[in-house]
Amino acid sequence: MILDAARLAFFNLFAPQTRSVFWKVLGLTILVLAGLWFALRSLFIYFALPWIDSFLPGIPDWAGWLAFVFGIFASIGLALALGLLLSPVTAVIAGLFLDDVAEVVEKRDYPADVPGRPLPLAEAITGSIKFLGVVIVGNCIALLLLFIPGVNLMAFFLVNGYLLGREFFEFAVMRFRSPADARLFRSRHAGTVFLAGLLIAAFLAVPLLNLLTPLFAAGLMVHLHKLLSKRDVVAAPR
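If you're wondering where the values come from, they're calculated on a predicted model, not measured in any experiment.

Reading the values: the criteria
Residues numbered from 1 in each chain as written. Predicted model: local features only at pLDDT ≥ 70, side-chain atom pairs only at ≥ 80, totals over all residues. Heavy atoms only, no water. Helix = DSSP H or I, 4+ residues; strand = E, 2+ residues; numbered from the N terminus. Buried < 20%, exposed > 50% of the residue type's maximum accessible area, 1.4 Å probe, protein only. Contact = heavy atoms within 4.5 Å. Phe/Tyr/Trp six-rings, centres within 6.5 Å; stacked < 30°, edge-to-face > 60°. Lys NZ or Arg CZ within 6 Å of the ring centre and 35° of its normal. Core = buried A, V, L, I, M, F, W, Y, C linked by side-chain atoms within 4.5 Å. Salt bridge = Lys/Arg side-chain N within 4 Å of Asp/Glu carboxyl O. Axes fitted to C-alpha atoms, helices over the stretch in contact; angles between N-to-C directions. Parallel < 35°, antiparallel > 145°, perpendicular 65-115°, else oblique. Left-handed = near helix turned anticlockwise from the far one by under 90°. Nonpolar A, V, L, I, M, F, W, Y, C, P; charged D, E, K, R; others polar.

**A closer look at the overall build of the protein**
When its secondary structure is counted, the protein shows eight helices and zero strands. The order of helices and strands in the protein, counted from the N terminus, is α-α-α-α-α-α-α-α. Looking at the protein as a whole, 41% of its 238 residues are labelled buried. Taking all contacts inside the protein whose residues are at least 6 apart in sequence as the whole, residues at least 24 apart take part in 82%.

Written out as structure tokens, the structure reads:
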């Protein structure tokens, strides 16, 4: 079921009906990440660089290679920091465009079903802000575990798999159910939702492709909600 939902979500990325949302999500993701890159770089230059220079006063010409080495490590550090911010950025952008993605998916793949209702703007913004805070805290924990061999990569996938799976799924479900019912439905299918979240985390780890994570994750969870709902109807006692 998860693989079926993922396959449909991946094909939806490049479908003609998705093209408008595709460019909006991709453009905004790149814009936000570029802004964060320059912000992190400025913070490094103004705060970290003077601190590093204080350890290398009057460095002789023959040791100029040390500055080059520090530059490489600084670039790697900035890239890692930006990578950790991908998850919060994905959460915020998805909150803005989830209804657009869901509407396209529902019309394209489920035309006979009753369409979902868009989340009220205030509710969508509140949910995105709350989700942003939870994801930041979760990734800070993952960052602390980054220095423990054998745990670091697992922590990234487990933390982001759980958080992204939970929130994206509830966003999709709340188009058809109340927030309380959405949480209940998610808890009833917690294992499936978590595995789908791990798939989103894996997608997030692929360079360049991860720029489309908001679009892929939203589509995946819309399909998963539809498939689980139909399975529950079939399995219900008569």
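Here the narrative resumes.
**Brief notes about the packing of aromatic side chains**
Tallied over the full model, the rule gives three aromatic pairs. Seen from their ring centres, Phe203 and Phe216 are 4.2 Å apart, and the 5 degrees between their planes marks the pair as stacked. Note that Phe203 is positioned in helix α7 (residues 190-204) and Phe216 in helix α8 (residues 213-235), a separation of 13 residues in sequence. Among the residues examined, Phe203 registers a relative accessible area of 8% and is labelled buried. If you follow Arg177 out to its NZ or CZ, it ends over the ring of Phe185, 4.1 Å from the centre. Between the NZ or CZ atom of Lys226 and the centre of the ring of Tyr110, over which it lies, the distance is 5.3 Å.

**A closer look at the nonpolar core**
Counting 46 residues, the largest nonpolar core has Phe169, Ile200, Leu215, Phe216, Leu220, Met221 and Leu224 as its most contacted members. Counting only elements with at least two residues in this core, the list comes to α1 (2-13), α2 (19-53), α3 (65-109), α5 (152-173), α6 (179-188), α7 and α8. At nine residues, α8 tops the list of elements feeding residues into this core. Each residue touching Phe216, except ones within four places of it in the same chain, is listed here: Ala6, Ala9, Phe10, Leu13 and Phe203.

**Overview of the pattern of salt bridges**
Where side chains of opposite charge bring their charged atoms close, a pairing between them can arise. Applying the stated criterion to the full structure yields nine salt bridges. For Asp109, the salt bridge identified is with Arg108, shortest N-O distance 3.4 Å. Here Asp109 falls in the partly exposed class, since its relative accessible area comes to 26%. With its nearest N and O atoms 3.0 Å apart, the salt bridge here joins Arg186 to Glu170.

**Regarding the environment of Asp99**
Here Asp99 lies in helix α3. The sequence separation of Asp99 and Pro118 amounts to 19 residues, and the corresponding C-alpha distance is 5.7 Å. Discounting chain neighbours no more than four positions away, the residues touching Asp99 are Arg117, Pro118, Leu119 and Arg175.

**Observations concerning the packing of α1 against α7**
The interhelical angle for the contact between α1 and α7, taken along N-to-C directions, is 40 degrees, at an axis separation of 10 Å. Here α1 is positioned oblique relative to α7, judged by the angle of their axes. Viewed along their axes, α1 and α7 form a crossing whose handedness is right-handed. For the pair α1 and α7, the contacting residues are Ile2, Ala6, Phe10 and Leu13 in the first and Thr192, Leu195, Ala196, Leu199 and Phe203 in the second. In the contact of α1 with α7, the residues fall into eight nonpolar, one polar and no charged.

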